[in-house]
Amino acid sequence: MFENVIFLTCLYFIQGLPYGLQARFLPVYFRSHGMSLTDISLFKLLLTPWMLKALWAPFVDKYGSKKSWLAWSMVGLIFTCLTGAFTPPKTIVPLAIVLFLFNLLTSTQDIAVDGIAIHVLSEAELGYGNIAQVVGYKLGSIFGGGVLIWLSDYFEWSYLLFSLAFVYVISLMNVAVLVPSTDNDKKNPKDKTANKKETLDEKPEKSWFIQHFIEIFQSPGTWWMIGFVLVYKLGEQGALSMLPLFLLDKGIAASSVGFWTGVVGQVLSILGSIVGGGIVSTSRMTALVLHDICAFRLIPMLFTTLVIFSWVDKSQVCFVLAIISMCLMLLTSGIVTTATFTLMMQCSKKAPDYVQASHYTTLATLEVLGKLAFSVVLGSITDAIGYEYVFIMFLVLSVMAILFIQQCPEELIKSEVELTVKKNE
């Protein structure tokens, strides 16, 4: 069991590297080198492959094995890092191509890793597998964000990318040794009956594809869940994205910002995810937990807004207060994320069996879309109205998320109550 958890933690660590690189490291690096907030936000468009990965997920399932897709994506990432090492950050277009390849390869890798996790984890191991996913991914984000920001004060761009290439080389060797084969030809004989039924019900490819998505969107609670995942993180994500840049603009050293936001903050986020998983597993009332923690999230959000408005230049007290508020936001962020993804899974379980995986992938993709679409325009909004008023907007968006969850459909709440009653019987 622990062997599966260890290698899955390593795989999710690798997946977290590009996110930390683009969400934490590059904004601070670009801002410290004079790039405008608008241009920094536009780089988020390069995360588009994460919104579209559901379109090529069937190819990963149909052709080859998950292990081969994973290995070849690692090879591609090694060459992408080497190319990036010879691409100075000032050359915008070549750098954009490198970052796009990063996202294309890692989004494909995500499909393969999730498939491997489903294949190797038993029912008893799913809880440990989810911990591997959360902790591994966020540790990768810490390395790709905070550690690289800290090292950027001492090493040139090329050395940082060479170090990432080396990490992918080690990971490729681990994949070859530790990851089991999951060839599509090696199917369970028990699935033959289901396969015969699928053959009898076979339809033209285009008709089947359209019907597949019709089933997804007709599932109980799906439209509400889509709306919620599109908006629940907007205020929080905006505050956590803009606060490090605000601190840089106020003269705080990039290495200090990187340490507190990218390392300490991410550790607290991991802790929040673990705590959130424990709370949800104990209570089974996911919607109620989500409502309460979203309400609690308003406290650090309001605290941060007050710090922004009352900032005094070169004040160490203001810096400490900003860091405290950010740490509280990241702690609650981890809890909110875990509770939301649990509610997403409960919603997906209400869909027909043959579309549940696609249902969950669709929700997860839209969750990324909500954050990405907002982050693209966030820099322009901040440039236009200033840090003070944009943080008021973040606060309003966080209140809207609470009002939204109060409209949670009965289908989802009822299933949670039934689960709680069964547990207590």
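Source: prediction; values computed, not measured. (Residues numbered from 1 in each chain as written. Predicted model: local features only at pLDDT ≥ 70, side-chain atom pairs only at ≥ 80, totals over all residues. Heavy atoms only, no water.)

Participant: Just to check I follow, could you spell out the overall build of the protein for this structure?
Facilitator: Within the protein, the secondary structure is distributed over 18 helices and zero strands. Put simply, the protein has 425 residues, and 49% of those count as buried. Long-range contacts, defined here as pairs at least 24 residues apart, represent 86% of the contacts in the protein between residues at least 6 apart. (Helix = DSSP H or I, 4+ residues; strand = E, 2+ residues; numbered from the N terminus. Buried < 20%, exposed > 50% of the residue type's maximum accessible area, 1.4 Å probe, protein only. Contact = heavy atoms within 4.5 Å.)

Participant: Looking at this structure, how should I read the confidence of the model for the protein?
Facilitator: Caution is warranted with low-pLDDT regions, since their predicted coordinates should not be read in detail. When pLDDT is averaged along the protein, the result is 76, and 78% of the positions lie at 70 or above. Per-residue pLDDT, averaged within each element of the protein, yields its smallest value for helix α9 (residues 192–200) (42) and its largest for helix α11 (residues 222–231) (92). Within the model, the stretch residues 183–203 combines pLDDT values under 50 with nine contacts to residues more than four positions away or in other chains. Between residues 416–425, whose pLDDT stays under 50, and residues either more than four places distant or in other chains, the model counts 13 contacts. (pLDDT = per-residue confidence, 0-100.)

Participant: Just to check I follow, could you spell out the nonpolar core for this structure?
Facilitator: Where a protein is soluble and globular, its nonpolar side chains tend to be buried together. Among the nonpolar cores identified, the biggest contains 38 residues, and L11, F30, L70, L99, F102, L161 and Y168 are the most heavily contacted of them. Only α1 (2–32), α5 (66–85), α6 (92–120) and α8 (157–178) provide two or more residues apiece to this core. The greatest single-element share of this core, amounting to 11 residues, is contributed by α1. Within the second largest apolar cluster, 34 residues are counted, among which are L234, A254, M301 and Y387. (Core = buried A, V, L, I, M, F, W, Y, C linked by side-chain atoms within 4.5 Å.)

Participant: What is the right way to look at the packing of aromatic side chains in this model?
Facilitator: Any pair of aromatic rings gets described here by the distance separating the centres and the angle formed by the planes. Considering all chains together, one arrives at 12 aromatic pairs under this definition. Measuring from centroid to centroid gives 5.7 Å for F86 and F162, while their planes differ by 85 degrees, and the two rings are edge-to-face. Remark: F162 occurs in helix α8 and F86 occurs in the loop between α5 and α6; sequence separation between them is 76 residues. What makes F162 partly exposed here is its relative accessible area of 34%. Taking 6.1 Å as the distance between ring centres and 85 degrees as the angle between the ring planes, the aromatic pair formed by F309 and Y389 counts as edge-to-face. Of this pair, F309 sits in helix α15 (residues 298–309) while Y389 sits in helix α17 (residues 356–405); the two residues are 80 residues apart in sequence, bridging distant segments of the chain. The class for Y389 is exposed, based on a relative accessible area of 51%. (Phe/Tyr/Trp six-rings, centres within 6.5 Å; stacked < 30°, edge-to-face > 60°.)

Participant: Quick question: what am I supposed to make of the pattern of salt bridges here?
Facilitator: Two side chains with opposite charge may pair up if their charged atoms get near one another. For the structure shown, the criterion picks out four salt bridges. Between K233 and E236 there is a salt bridge whose closest N-O contact spans 2.5 Å. Pair check on accessibility: K233 and E236 agree, each one buried. Sharing partners across several salt bridges, the network here consists of K233, E236 and R297. (Salt bridge = Lys/Arg side-chain N within 4 Å of Asp/Glu carboxyl O.)

Participant: Would you explain the state of the cysteines in this entry?
Facilitator: Covalently bonding the sulfur atom of one cysteine to the sulfur atom of another cysteine gives a disulfide. Inspection of every chain in the model, using the stated rule, returns zero disulfides. For the unlinked cysteine C347, the closest cysteine sulfur is that of C408, found at 8.9 Å. (Disulfide = S-S within 2.5 Å.)

Participant: Explain empty space enclosed by the protein here, please?
Facilitator: Leftover empty space is mapped by rolling, across the atoms, a probe with the size of a water molecule. This structure, assessed with the given rule, holds two cavities of 30 Å³ or more. Taken as a whole, the second largest cavity holds about 80 Å³ of empty space. Along its surface, the second largest cavity is lined by Q22, L26, P27, F30, I40, F43, K44, L47 and L99. When residues of the lining of the second largest cavity are assigned to their parent elements, the largest contribution, four residues, is made by α1. When grouped by side-chain class, the residues that make up the lining of the second largest cavity number seven nonpolar, one polar and one charged. (1 Å grid on protein atoms, 1.4 Å probe; cavity = no way out; pocket = protein on both sides within 12 Å on 5 of 7 lines; lining within 4 Å. Points joined across faces, edges and corners; volume = space filled by probe spheres on them. Nonpolar A, V, L, I, M, F, W, Y, C, P; charged D, E, K, R; others polar.)

Participant: Help me understand the packing of α5 against α8 in this model?
Facilitator: Each pair of packed helices can be described by the angle between their axes along with the distance between the axes. Between α5 and α8, the shortest axis-to-axis distance is 8 Å and the interhelical angle comes to 165 degrees. Comparing their axes, α8 and α5 come out roughly antiparallel. α8 is crossed by α5, and the crossing has left-handed handedness. Residues K67, L70, A71, M74, V75, L77, I78, C81, L82, G84 and A85 of α5 form the contact with α8, whose participating residues are W157, S158, L161, F162, L164, A165, Y168, V169, S171, L172, V175 and A176. Looking at the contact of α5 with α8 residue by residue, the classes come out as 19 nonpolar, three polar and one charged. (Axes fitted to C-alpha atoms, helices over the stretch in contact; angles between N-to-C directions. Parallel < 35°, antiparallel > 145°, perpendicular 65-115°, else oblique. Left-handed = near helix turned anticlockwise from the far one by under 90°.)

Participant: What's the story with the environment of L77 in this structure? I'm lost.
Facilitator: Looking at where L77 falls in the secondary structure, it is placed in helix α5. Once the C-alpha coordinates of L77 and L101 are considered, the two residues, 24 residues apart in sequence, prove to be 8.0 Å apart. Setting aside residues no more than four positions away along its own chain, L77 makes contact with F102, L105, T106, Q109 and Y168.

Participant: I would appreciate a short explanation of α11 in the present structure.
Facilitator: The periodicity of an α-helix, 3.6 residues per turn, causes residues three or four positions apart to be oriented the same way. Of all the 10 residues making up α11, seven are buried; the element is thus mostly covered by neighbouring parts of the structure. Of the residues making up α11, those classed as buried are T222, W224, M225, I226, G227, F228 and V229.

Participant: What is the right way to read the environment of G16 from this model?
Facilitator: Inspection of the secondary structure puts G16 in helix α1. In this structure G16 touches Y137, G140 and S141, once residues within four positions along its chain are discounted.

Participant: When you look at a nonpolar patch on the surface in this model, what are you seeing that I'm missing?
Facilitator: A surface patch of nonpolar side chains, amounting to about 490 Å² of accessible area, comprises I92, V93, I97, F100, L101 and L104. Positionally, I97 belongs in helix α6. (Patch = residues over 30% accessible without salt bridge, like charges linked within 9 Å, V, L, I, M, F, W, Y side chains within 5 Å. Areas by Shrake-Rupley, 256 points an atom, 1.4 Å probe, with all protein chains shown as cover.)

Participant: Please explain the packing of helix α14 (residues 286–296) against helix α16 (residues 316–348) as it appears in this structure.
Facilitator: Remark: α14 packs on α16, axes separated minimally by 9 Å, with the N-to-C direction vectors making an angle of 155 degrees. The angle between α14 and α16 falls in the class roughly antiparallel. When the axes of α14 and α16 are compared, the crossing they make is left-handed. Seen from α14, the contacting residues are T286, A287, L290, I293, C294 and F296; seen from α16, they are T332, I335, V336, A339, T340, T342, L343 and Q346. Looking at the contact of α14 with α16 residue by residue, the class counts come to nine nonpolar, five polar and no charged.

Participant: Where do I start with α8 in this structure?
Facilitator: Under the 1.5 Å per step criterion, the end-to-end length of α8 is 32 Å for 22 residues, consistent within 8% with the ideal 32 Å. Listed in full, the buried residues belonging to α8 are W157, S158, L160, L161, L164, A165, V167, Y168, S171 and V175. (Expected span 1.5 Å × (residues − 1).)

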